[in-house]
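Next come the chains, spelled out residue by residue.
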Number of protein chains: 6
Amino acid sequence: MNARVFKPEAYLIEQQPYYEPISSEIELFEAAYHNQLPLLLKGPTGCGKTRFMEHMAWRLQRPLITVSCHDDLTASDLVGRFLVSGGDTVWVDGPLARAVRHGGICYLDEIVEARKDTTVVIHPLADDRRVLPIEKLGEILVSPAEFCLAMSYNPGYQSVLKDLKQSTRQRFVALEFDYPSPNLEAKIIGNETQIDAAVADKLVKFAHMTRHLKGNGLEEGASTRLLVHAAKLIVSGVNPNLACRSAIAQALTDDSEMLLAINELSVSLF
Amino acid sequence: MNARVFKPEAYLIEQQPYYEPISSEIELFEAAYHNQLPLLLKGPTGCGKTRFMEHMAWRLQRPLITVSCHDDLTASDLVGRFLVSGGDTVWVDGPLARAVRHGGICYLDEIVEARKDTTVVIHPLADDRRVLPIEKLGEILVSPAEFCLAMSYNPGYQSVLKDLKQSTRQRFVALEFDYPSPNLEAKIIGNETQIDAAVADKLVKFAHMTRHLKGNGLEEGASTRLLVHAAKLIVSGVNPNLACRSAIAQALTDDSEMLLAINELSVSLF
Amino acid sequence: MNARVFKPEAYLIEQQPYYEPISSEIELFEAAYHNQLPLLLKGPTGCGKTRFMEHMAWRLQRPLITVSCHDDLTASDLVGRFLVSGGDTVWVDGPLARAVRHGGICYLDEIVEARKDTTVVIHPLADDRRVLPIEKLGEILVSPAEFCLAMSYNPGYQSVLKDLKQSTRQRFVALEFDYPSPNLEAKIIGNETQIDAAVADKLVKFAHMTRHLKGNGLEEGASTRLLVHAAKLIVSGVNPNLACRSAIAQALTDDSEMLLAINELSVSLF
Amino acid sequence: MNARVFKPEAYLIEQQPYYEPISSEIELFEAAYHNQLPLLLKGPTGCGKTRFMEHMAWRLQRPLITVSCHDDLTASDLVGRFLVSGGDTVWVDGPLARAVRHGGICYLDEIVEARKDTTVVIHPLADDRRVLPIEKLGEILVSPAEFCLAMSYNPGYQSVLKDLKQSTRQRFVALEFDYPSPNLEAKIIGNETQIDAAVADKLVKFAHMTRHLKGNGLEEGASTRLLVHAAKLIVSGVNPNLACRSAIAQALTDDSEMLLAINELSVSLF
Amino acid sequence: MNARVFKPEAYLIEQQPYYEPISSEIELFEAAYHNQLPLLLKGPTGCGKTRFMEHMAWRLQRPLITVSCHDDLTASDLVGRFLVSGGDTVWVDGPLARAVRHGGICYLDEIVEARKDTTVVIHPLADDRRVLPIEKLGEILVSPAEFCLAMSYNPGYQSVLKDLKQSTRQRFVALEFDYPSPNLEAKIIGNETQIDAAVADKLVKFAHMTRHLKGNGLEEGASTRLLVHAAKLIVSGVNPNLACRSAIAQALTDDSEMLLAINELSVSLF
Amino acid sequence: MNARVFKPEAYLIEQQPYYEPISSEIELFEAAYHNQLPLLLKGPTGCGKTRFMEHMAWRLQRPLITVSCHDDLTASDLVGRFLVSGGDTVWVDGPLARAVRHGGICYLDEIVEARKDTTVVIHPLADDRRVLPIEKLGEILVSPAEFCLAMSYNPGYQSVLKDLKQSTRQRFVALEFDYPSPNLEAKIIGNETQIDAAVADKLVKFAHMTRHLKGNGLEEGASTRLLVHAAKLIVSGVNPNLACRSAIAQALTDDSEMLLAINELSVSLF
């Protein structure tokens, strides 16, 4: 029952992750990758950006190192630091340096959450120099052609305080993501949960209703991920309205009036 | 007279914790648990969320590791850190890594109090990857099926500064908690304190009076926990009005006019 | 002439501290203590809360460990930390863990001054679990029945920034403190300083005059402690008006007009 | 030409520091000292508070340990900390613990500049307990009768952010300081610099002119210290107007119009 | 496939970096360099400042040490620090000290992002003293004639909070950079990507359209770097409009209306 | 080509630094120095304050230790700290302690940039006690007569946040600095660069034009230092208008209209 531990050499994705392309994002990623240009994935939460990265890492057969960015992620957390071992200080690569050294893909999830020093540390990697200076070692790592830098952000959250500087933005090729088309989304839900096609269609309809409420009381609409959650609960025998309420409505908002309204939407469908 | 010390292997709850379900929360928890979906418990303070988690941990026979979140809880506090021992640095798992490694339940109490990096560190555990990257070890822990992530928060406290990001919310199945129905609440008080049923009923009535004052001078009404406190004092021989004042009214507010008003309510009952 | 050093085992109060009860606070404390409920002492500065705690610790024959809370008190300061000794790291209990381990009384003075993580760390100790998780040891301390948690705060200082959260408040039985009645206060002053009863009465009158100015130019009125200070100076031969000015008026305010007004009050009495 | 180093045992003031009392401050200090009450010195900068403390330390033949308070002074800076030496951690007393241990006088200069934790750490020393808990050692230092706690602040600077809390103020006996009377101030200047009595009188007149400007363009008037500076420059042959400008006017303000006005005042005198 | 590592001695640029001068910036740099005056490069992102520095380092045959500045870059990061090795502390030069010691060029990229202490640490290097005090060693490094200090910033980003102090600015000779003339820019794109001259011309036209939108909804116009990105994607077979959208429009803005407008501009060209 | 390293004993200025006095600042400095009074140098950037200090250090034959102040300069950076060496902690003096110990001149450049704790640490050195308490050693350093404390600041930058406290100001004798008279300034430029006297005169005229713009679009006018920069470029063959633009106008401002206006001024002269 113990957790499985794997080491960096095992950051390779072995089995093809299920991914349904919504546009030409796969071709665009490959063109940028082969031109050694860094990538910026834009789109709302839960629409498949992380899954897409896993799919591309599998396609290109490169190890994928994902870093969830946050306010307290320091440049050292990315590049590496010295640790004391047996009385001596030993250098330990951070995830970014590891990705550069092994020609992997480094994916910085929600980059706008990072502190400015994290964002700046990738600048020399994200232009045609493609180098990572490790000041503390007095070294410069030169990326192999296989290394790829990618990052994601959700433009919907962009605020004055949490914005990408132009000197950062203007180094990346951007890929736009959005929710899949209704048919595709129902297909994805079915594939992930083996739920009835009819119920999957209703869930997608329900999702669209919530997405129309974005900006009218909801910060975001239901993501594909939430539909999968609800479908799983329904397959396990939970009443569809309770499943929609627990897995979708309550995940979207705490406002009691909005919750009532959204529940009425689900009752109208199930 | 010394405190009893127990080790992680003893995080198992051995005796069934007393818990009265208020709705279908037990079934919903089990459905989410068996689908390996993370859980979010919403509800006011003192209504039994922590007790519910202890009950479920006992039901599922999994160790329960509870973390009270706060502003200064770092990602390292959750994941682990290196400590120096005998001149060497030794890795010590944090509570989250321990729960993942042993297939336990990790319960993050009052998650909105946590810093953003704590919230972000659980993202890869809270989607279908179910992994915990330990950057400092260069390892990725893959959760066993038995691992469960749960967190609580009180929507009543939600402010602009302390809100869950959509990219966090949209990973969890939510369970709603509220105060029990009058009969059930009186039964709980009686069970915990062996107080007279008539006095328990009066305490519940008193609680409802204070709950109606929520938003009209009180931030919160009296929780079930406070009723149990007052009942214990009464059983020990404290005058019911003094018990209500000390254990309930003074715990709710410092405002002298509100205190007078609440005391009049208790005097009208006892 | 050197300071006397004493060790934790000596935190027991050996001689009965002088304390005059103002209401049923002793009985209420004992009822809560025997029901293993934590205590919150509310009241203005200098009215005897600390002395009361020393009295109760003596009554119950438990060691008393007092912690003055402040902005920089960390959870580690309370719970404990690792120190390096002879090359190894050794765990050293903080005052809270020490109190739990030895079944003592831990008194957190001015709790609202503490950082949020200090307040949160006591949550599992302050509900019916009565445990102190020591994350850094991977241990859970279970309190013996003798352990008692108490904390104080002055509702007069309560501000939006420095307030107790409902999830903290709703765990404690509250005891209200205020200045003693005139007769009792004069008796206390006499007992502490052997001053003339007539002068003690005048000091109490003077104190009441300043207490009426609370909210009208004074943040607080004179506490019993300040009356004792003035009485000591008078017994040492200082002119009563100068004693009132130095020990009371100047301790209350820096405002030159208020100082004039308060001095006129003392001149009218002495 | 090297600096002289002296150790704590040498904190005793050997030669009588020159001090001219302005009121009954010496008697009041002694009464408070013998009643073991802590002292608060209030008054503007440069009016002799530090010199007074040196004088009292000499009178009472106690070592004087002065700490200039500031925003970054931690509780550990006052109480002490562990240092590593030869692989072990060794405890080193801070100035406050040193003063308690050796029965000295600890003088906290400009206490309102200190962080809240510094202020709080002195609470148990500043009431009738007169103890200094050293949490990190698990020890409590009990002050000998000879120990004295004193602190200074300038009420003129008092702001909302930098104010003494009532729970701190209401522990101290306050001594008020102000500039000496004209005759006394001229005597002091003459004593410190051997300047002509006539010039000393003019300097005092000049000082009074600037003190009338307080609140009308000047934050503070010229202190006695500045008069001594100007007198020293004049004795060294500097032109009196240039001396007043450099040692007094420029020390008071940067405002060019105020500087002009103050220079005209000095020209009218010299 | 592993990254190439090189050491400080290899900071020399071996091959001539392609650079098209836009004015007399090369002569001006050389005049300042030979007079040992520090240099400030002003200009928008992506217009070639970094490439210019590489070109000058190659011309002058000096090692080039580039530091990307950010909020968390400390003075120690630039000057150096002690590291523990084999039980002893060993001094390790930072990039600035390394550049001074070896007579290299230290280039501080985006200096306004740095903390004030970083900016101040260069003051003694940036006036005629040309020294770097290393306080922690008690040493002063005197720059050899070959050492050169350069820094860049983008005046467009200048805000009240992130401004260069006059005491910093007034130490540097400034070089102005801007986008190249249309012909030159097309030549650069062709040289970097081997794209058709006609398409390169269209890309430059497109860039000018976006540059006219600066201040009218765009923070910045498309840089030369973005044109090179789009050209690379086009050469790889990506549709020119998709290439302009992904590599240029999406890199400039997230605003959906601006994106529509910019896309119409590209459609009008391709 | 390597940098020259020199040790503290070599902080003596060996050759007379070129300095043209603008008023009686040399005499005033010497009078203050011999009376052991600390000095405050006020004046705009680039007008020669640092050069004056080097000149005085040479005149008095005392080592000069300069510290550029900034937000992150701690009291420990000035006073000293413990470093680990061979397993033991060794005390290392900071620049201030070094200056006191060796009777040198400590010059704190731009003192208002320093944190409050830096400013406070110099208080006991800057009054008649002339001592530096080293709390961490439990030592007090008594300054020898030769020690001198000096600091500079630019009143033009003075803001509410960055102001000297009265308790700091009122310890120093102030010296006022300003730009030299036209003839003197031309002489200085000629002496530093060997430029034609006629061109030097024009540069001074140009500087005066920019100084009249102070407060009308410019934060500061051109300092003498900038004139020397421009002169050096002109001597190296750079066109005078380009030299004025690069070395002066661009160093003063980024505002394009101001730049145009200033360039017209230079074109009118050269």
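This structure is a prediction, so every number in the text was calculated from the model and none was measured. (Residues numbered from 1 in each chain as written. Chains lettered and ligands numbered in written order. Predicted model: local features only at pLDDT ≥ 70, side-chain atom pairs only at ≥ 80, totals over all residues. Heavy atoms only, no water.)

1. A look at the interface of chain A and chain E
Stated formally: By definition, residues are in contact when any of their heavy atoms lie within 4.5 Å. Put simply, buried area is the surface a 1.4 Å probe can reach on two separate parts but cannot reach once they are joined, added for both. A side-chain nitrogen of Lys or Arg and a carboxyl oxygen of Asp or Glu constitute a salt bridge if their distance falls within 4 Å. In protein, a polar contact requires one atom able to donate a hydrogen and another able to accept it; more generally it is a pair of N or O atoms within 3.5 Å, and residues adjacent in sequence count only if both atoms are side-chain atoms. Every helix listed is a DSSP run of H or I at least four residues long, and every strand listed is a run of E at least two residues long, numbered separately from the N terminus.
Taken together, the contacts link 48 residues of chain A with 52 residues of chain E. The junction of chain A with chain E conceals about 4400 Å² of combined surface from both sides, 49% of it contributed by carbon and sulfur atoms. Among the residues chain A hides against chain E, the three largest losses belong to Glu135(A), Gln166(A) and Gln170(A). Together they make up 16% of the total. On the surface where chain A and chain E come into contact, there are six salt bridges. Put simply, chain A and chain E have 19 residue pairs in polar contact (both at pLDDT 80 or more) between them. Tallying contributions element by element places strand 8 (residues 139-142) of chain A first for the side of chain A that touches chain E, with four residues.

2. Considerations on the relation of the copies chain A and chain E
Comparison of the two chain copies shows a relationship of rotation about an axis with a shift along it. What counts, and what does not: To superpose the copies, least squares is applied to the C-alpha atoms of every residue with a pLDDT of at least 70 in both.
Once turned by 60 degrees and shifted 0.1 Å along the axis, chain A lies on chain E with an RMSD of 0.1 Å. Taken together, the rotation and translation relating the two chain copies correspond to the operation of a six-fold axis. In this assembly, only 2% of the residues forming the interface of chain A have copies in chain E that are likewise at the interface, indicating a heterologous arrangement.

3. Thoughts on the pairing of strand 3 (residues 64-68) of chain C
Residue and element names in this part refer to chain C. To be explicit about the condition: Accessible area is worked out with a 1.4 Å probe on protein chains only. A residue is then buried under 20% of its type maximum, exposed over 50%, and partly exposed in between. In this scheme, strands are said to pair when DSSP sees at least two bridges between them.
For strand 3, the tally of buried residues reaches five of five residues, placing the bulk of the element in the interior. Residue alternation in strand 3 divides its side chains into two sets, Leu64, Thr66 and Ser68 and Ile65 and Val67, and both sets are buried. Pairing between strand 3 and strand 6 (residues 105-109): five bridges, direction parallel. By the bridge assignment, Thr66 is partnered in strand 6 with Tyr107.

4. Regarding the UniProt feature "domain: CbbQ/NirQ/NorQ C-terminal" (unreviewed entry) in chain A
The criterion, for reference: UniProt positions are given in the numbering used here, feature names are shortened, and annotations may be inferred rather than shown by experiment.
On the UniProt side, "domain: CbbQ/NirQ/NorQ C-terminal" (unreviewed entry) is annotated at positions that read residues 185-265 of chain A here. As a span, residues 185-265 of chain A carries 74% helix and 0% strand, and end to end its C-alpha atoms are 19 Å apart.

5. Some remarks on the arrangement of the chains
You won't find any contact between chain D and chain E; their C-alpha atoms come no closer than 10 Å. One finds no contact between chain C and chain F; the C-alpha atoms of the two approach each other to within 10 Å at their closest.

6. Concerning the sheet that holds strand 10 (residues 173-176) of chain C
Residues and elements named next belong to chain C. Put simply, the rule is: Every axis corresponds to a line fitted to the C-alpha atoms, with the helix fit spanning only the stretch in contact, and the corresponding angles, defined between N-to-C directions, vary from 0 to 180 degrees.
Here we have five strands laid out as an open sheet, ordered 3-6-9-2-10, and parallel in their pairing. If you trace the sheet from one side to the other, it starts and ends with strand 3 and strand 10, each paired once. On average, each strand axis in the sheet is tilted by 20 degrees relative to the strand beside it, whichever way the strands run. Where strand 6 meets strand 9 (residues 148-153), four bridges bridge the pair, whose relative direction is parallel. Residue Ile105 lies in a different strand from strand 9, and its bridge partner there is Cys148.

7. Digging into the sheet that holds strand 2 (residues 39-42) of chain E
Strand order in the open sheet made by the five strands is 3-6-9-2-10 (chain E), with parallel pairing throughout. The open sheet terminates on both sides in strands that have one partner only, identified here as strand 3 (64-68) and strand 10 (173-176) of chain E. Strand-to-strand, the axes of this sheet are offset by a mean angle of 20 degrees, without reference to chain direction. Note that strand 2 of chain E and strand 10 of chain E share four bridges and pair parallel. Following the sheet pairing, Leu41(E) is matched in strand 10 of chain E by Leu175(E). Across the sheet, helix 10 (residues 240-252) of chain F touches strand 2 and strand 10 of chain E, and the angle it forms with strand 10 of chain E is around 95 degrees.

8. A word on the packing of aromatic side chains
Each aromatic ring pair is summarised here by two numbers: the centre-to-centre distance and the angle between the ring planes. Residue and element names in this part refer to chain A. To keep things clear, this is the line we draw: Put simply, two rings from Phe, Tyr or Trp (the six-membered ring, in Trp's case) pair if the centres are within 6.5 Å, and we call them stacked under 30 degrees between planes, edge-to-face over 60, tilted for the rest. By definition, being over a ring means that NZ of Lys or CZ of Arg is both within 6 Å of the ring centre and within 35 degrees of the ring normal.
Evaluation of the coordinates by the stated rule reveals 18 aromatic pairs over all chains. By the ring-pair criterion, three or more aromatic residues cluster together here, those being Tyr19, Phe29, Phe52 and Phe177. Over the ring of Tyr179 we find Arg211; its NZ or CZ atom is 3.8 Å from the centre of that ring.

9. Comments concerning the pattern of salt bridges
Applying the stated criterion across every chain, the model contains 86 salt bridges over all chains. Between Arg245(A) and Glu176(B) there is a salt bridge, with the nearest N and O atoms lying 2.5 Å from each other. Note that Arg245(A) is positioned in helix 10 (residues 240-252) and Glu176(B) in strand 10 (residues 173-176), a pairing that runs across two chains. The partly exposed category is assigned to Arg245(A), whose relative accessible area is 22%. Residue Glu176(B) is classed as partly exposed on the basis of its relative accessible area of 36%. One continuous salt-bridge network, built from bridges that share partners, spans Asp127(A), Arg129(A), Arg171(A) and Arg225(E).

10. A short note on the relation of the copies chain F and chain D
Here chain F sits on chain D after a turn of 60 degrees about the axis and a move of 0.1 Å along it, with an RMSD of 0.1 Å. Little of the interface of chain F is mirrored in chain D, where only 2% of its interface residues again form contacts.

11. Some details on the side chain of His55(A)
Tracing the backbone through its elements, the reader meets His55(A) in helix 2 (residues 49-60). Once residues lying within four places of it in the same chain are set aside, the contact partners of His55(A) are Gln16(A), Pro17(A), Tyr19(A) and Ile26(A).

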